[in-house]
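Coordinate analysis (summary)
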Amino acid sequence: TQLLEQSPQFLSIQEGENLTVYCNSSSVFSSLQWYRQEPGEGPVLLVTVVTGGEVKKLKRLTFQFGDARKDSSLHITAAQPGDTGLYLCAGGPNFTNTGNQFYFGTGTSLTVIP
Amino acid sequence: GAVVSQHPSRVICKSGTSVKIECRSLDFQATTMFWYRQFPKQSLMLMATSNEGSKATYEQGVEKDKFLINHASLTLSTLTVTSAHPEDSSFYICSARGGTTSGGIETQYFGPGTRLLVL
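This section reports on the structure supplied with the text. (Residues numbered from 1 in each chain as written. Chains lettered and ligands numbered in written order. Predicted model: local features only at pLDDT ≥ 70, side-chain atom pairs only at ≥ 80, totals over all residues. Heavy atoms only, no water.)

1. Thoughts on the overall build of chain A
Looking only at helices and strands, chain A has zero helices and eleven strands in total. In sequence order, chain A lays out its α and β elements as β-β-β-β-β-β-β-β-β-β-β. For chain A, the spread of C-alpha atoms along the principal axes amounts to about 45 × 30 × 20 Å. When contacts within chain A are restricted to residue pairs at least 6 apart in sequence, long-range pairs at least 24 apart make up 56% of them. For chain A, the exposed surface amounts to about 5,200 Å²; the carbon and sulfur share of it is 50%. Chain A carries 7 positive and 9 negative side-chain charges, and their two centres are separated by 8 Å. (Helix = DSSP H or I, 4+ residues; strand = E, 2+ residues; numbered from the N terminus. Contact = heavy atoms within 4.5 Å. Areas by Shrake-Rupley, 256 points an atom, 1.4 Å probe, with all protein chains shown as cover. Lys, Arg positive; Asp, Glu negative; His and termini not counted. Charge placed at Lys NZ, Arg CZ, Asp CG, Glu CD.)

Written as structure tokens, this is what we have:
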């Protein structure tokens with residue numbers, strides 16, 4: 001069972017377009033992280049959000065943590081080919097579980113066409 | 001940011017042999033390390049949680065006798081794939097948990113991954 005569902009699973013857009021990736025769960029998380037992964041490499045941390053309703057901006061990327069800390073979104077403005085990659089959200093630790101691990105979303109594969 | 005290294009980055013082996021993958025946290029002490037497996041364009045699947053000085057905790061469906069994990073120090077964890085078979089071919093990624101963000105939340109830092117191909 002996947003605790004965190006991401007949508008869309010695959011996304012192909014033209015350079016300059018905007019996009020939003022969603023990360024949803026029925027579980028509450030103490031924090032949520034977003035990663036970007038390129039082929040053959042490990043995921044690279046983009047941001048950590050902690051407070052319900054929190055919004056963080058990283059250049060053209062805007063991250064939001066839901067008020068109930070169950071969901072998050074990543075919005076990219078004016079996408080560039082360098083944004084291409086697999087975007088992963090990860091939540092944890094989970095208040096409803098006793099483990100200390102992070103749970104990963106299903107992933108969103110983004111391709112930005114020049 | 002914190003650095004986690006993995007070695008080797010790529011390995012090809014014959015079916016039936018064992019392969020050891022090392023994961024090191026280079027500039028911080030990792031209280032916990034995690035091992036993941038990943039298939040192309042899919043998310044990371046947690047295999048096991050490794051705590052220094054104690055036995056690893058394996059996720060359901062992961063054979064502990066096949067995927068041996070040793071976490072001998074706060075900076076090193078190893079994953080040994082024993083009697084590897086072609087279906088074990090995959091991208092294996094470790095992560096180390098430690099350090100804190102400004103909000104006091106521990107962060108996971110990932111290694112670059114190890115591509116295993118079993119012939």
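2. Re unusual backbone geometry
A:Ser7 connects to A:Pro8 through a cis peptide bond whose omega is -10 degrees. Here A:Pro8 shows up in the loop between β1 (5-7) and β2 (10-14). Omega for the bond connecting B:His7 with B:Pro8 falls within 30 degrees of zero, at 0 degrees, which places this linkage in the cis form. Residue placement: B:Pro8 occurs in the loop between β1 (4-7) and β2 (10-13). For A:Lys59, which is not a glycine, the phi torsion comes out positive at approximately 55 degrees. Mapped onto the secondary structure, A:Lys59 falls in the loop between β6 (55-58) and β7 (61-65).

3. Quick notes on the sheet that holds β6(A)
All names here are of chain A. Spatially, five strands are ordered β1-β3-β8-β7-β6 in an open sheet, and the strand pairing comes out antiparallel. Lying at the two open borders of the sheet, with one neighbouring strand each, are β1 and β6. Mean inter-strand twist for the sheet, computed between neighbouring axes without regard to direction, equals 15 degrees. By the bridge criterion, three bridges tie β1 to strand β3 (residues 19-24) in an arrangement that is antiparallel. Bridging from a neighbouring strand, glutamate 5 pairs with asparagine 24 of β3. (Pairing = 2+ DSSP bridges. Axes fitted to C-alpha atoms, helices over the stretch in contact; angles between N-to-C directions.)

4. So, the nonpolar core
The nonpolar side chains of soluble globular proteins are, as a tendency, buried together. In terms of nonpolar packing, the biggest core is built from 25 residues, with B:Val4, B:Trp35, B:Phe67, B:Leu79, B:Tyr92 and B:Leu116 touching the most fellow members. Sorting the residues of this core by element identifies β2, β3 (19-25), β4 (32-38), β5 (44-51), β7 (67-73), β8 (76-81), β9 (90-100) and β11 (114-118) of chain B as the ones contributing at least two each. Apart from residues lying up to four places away in sequence, B:Leu116 is in contact with B:Val11, B:Cys13, B:Val19, B:Val81, B:Asp88, B:Ser89, B:Ser90 and B:Tyr92. One finds A:Val21, A:Trp34, A:Phe63 and A:Ile76 within the second-largest nonpolar core, a separate group that totals 22 residues. (Core = buried A, V, L, I, M, F, W, Y, C linked by side-chain atoms within 4.5 Å. Buried < 20%, exposed > 50% of the residue type's maximum accessible area, 1.4 Å probe, protein only.)

5. Remarks on the state of the cysteines
All names here are of chain A. Applying the stated criterion to the full structure yields two disulfides over all chains. Cysteine 23 shares a disulfide with cysteine 89; S-S distance 2.0 Å. Between cysteine 23 and cysteine 89, the S-S torsion sits near 75 degrees, and that sign places the bridge as right-handed. With cysteine 23 in strand β3 and cysteine 89 in strand β9 (residues 85-91), the pair connects residues that are 66 residues apart, well separated along the chain. (Disulfide = S-S within 2.5 Å.)

6. Examining the interface of chain A and chain B
In this complex, chain A contributes 23 residues to the contact, which on the side of chain B involves 23 residues. Taken together, both faces of the contact between chain A and chain B bury some 1,700 Å²; the carbon and sulfur share is 58%. Joining chain A to chain B, the criterion identifies zero salt bridges. Here chain A is connected to chain B by three residue pairs in polar contact (both at pLDDT 80 or more). Only β4 (32-37), β5 (44-49) and β9 of chain A provide two or more residues apiece to the side of chain A that touches chain B. (Buried area = accessible area lost by both parts, 1.4 Å probe. Salt bridge = Lys/Arg side-chain N within 4 Å of Asp/Glu carboxyl O. Polar contact = N/O pair within 3.5 Å; in protein donor to acceptor, adjacent residues only side chain to side chain.)

7. Structural notes on the environment of B:Ala2
Residue and element names in this part refer to chain B. When you line up the elements, alanine 2 lands in the segment before β1. For the pair alanine 2 and arginine 24, spaced 22 residues apart in sequence, the C-alpha separation works out to 11 Å. When sequence neighbours within four positions are dropped, the list of residues in contact with alanine 2 reads Asp27, Phe28 and Tyr109.

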